[in-house]
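The primary structure of each chain is shown beneath.
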Amino acid sequence: MPKMKSKRCAAKRFSFTAGGKVKYKKMNLRHILTKKSAKRKRNLRKSGILSDADSAKVRKQLLPYG
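Residues numbered from 1 in each chain as written. Predicted model: local features only at pLDDT ≥ 70, side-chain atom pairs only at ≥ 80, totals over all residues. Heavy atoms only, no water.

1. Some remarks on the overall build of the protein
Of the regular secondary structure elements, the protein holds three helices and three strands. In the protein, the succession of helices and strands from N to C terminus is α-β-β-α-β-α. Over its C-alpha trace the protein gives a radius of gyration of 15 Å, far above what one expects of a compact globule, namely 11 Å for 66 residues. With the principal axes as the frame, the protein shows a C-alpha extent of 55 × 25 × 20 Å. Put simply, the protein has 66 residues, and 14% of those count as buried. Partitioning the contacts of the protein with sequence separation of at least 6, the portion at a separation of at least 24 is 56%. When the accessible surface of the protein is totalled, it reaches about 5,700 Å², and 55% of it is carbon and sulfur. (Helix = DSSP H or I, 4+ residues; strand = E, 2+ residues; numbered from the N terminus. Rg over C-alpha atoms; globule rule 2.2 N^0.38 Å. Buried < 20%, exposed > 50% of the residue type's maximum accessible area, 1.4 Å probe, protein only. Contact = heavy atoms within 4.5 Å. Areas by Shrake-Rupley, 256 points an atom, 1.4 Å probe, with all protein chains shown as cover.)

Rendered as structure tokens:
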């Protein structure tokens, strides 16, 4: 049986931590930034961690060799 292919759109959006969690960049920091508070924009700069259920889907279906 041939190898599974990684979904390239997911490979560009997700990365893995050393402990095996799935990291992603948070949304809402591209435009219309004047109405957002400085605190909100500062918190959006941090990377997010996927929940266990979602990270299981990413590992199994989207990035099988990640």
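Past the structure itself, the notes keep going.
2. Quick notes on the pairing of strand S2 (residues 22-25)
Inspection of the sheet shows strand S1 (residues 14-16) paired to S2 by three bridges, in the antiparallel sense. Of the residues in S2, the one forming a bridge with Phe14 is Tyr24. Remark: five residues form the turn of the hairpin made by S1 and S2, two consecutive strands paired antiparallel; Gly20 in that turn has positive phi of roughly 95 degrees. One ladder, built from three bridges, connects S2 with strand S3 (residues 47-49); its direction is antiparallel. Paired with Lys25 across the two strands is Ser47, which belongs to S3. (Pairing = 2+ DSSP bridges.)

3. Thoughts on the nonpolar core
Counting residues in hydrophobic clusters, the biggest one holds five residues: Ala10, Val22, Leu50, Val58 and Leu63. Not counting residues within four places of it along the chain, the set of residues in contact with Leu63 comprises Ser6, Lys7, Ala10, Ala11, Phe14, Phe16 and Val58. (Core = buried A, V, L, I, M, F, W, Y, C linked by side-chain atoms within 4.5 Å.)

4. A word on the side chain of Lys36
By secondary structure assignment, the location of Lys36 is in the loop between S2 and helix H2 (38-45). Buried within the structure, Lys36 lacks any salt-bridge partner; its nearest side chain of opposite charge belongs to Asp54, at an N-O separation of 21 Å. In contact with Lys36, other than residues within four places in its own chain, are Asn28, His31 and Lys41. (Lys, Arg positive; Asp, Glu negative; His and termini not counted. Salt bridge = Lys/Arg side-chain N within 4 Å of Asp/Glu carboxyl O.)

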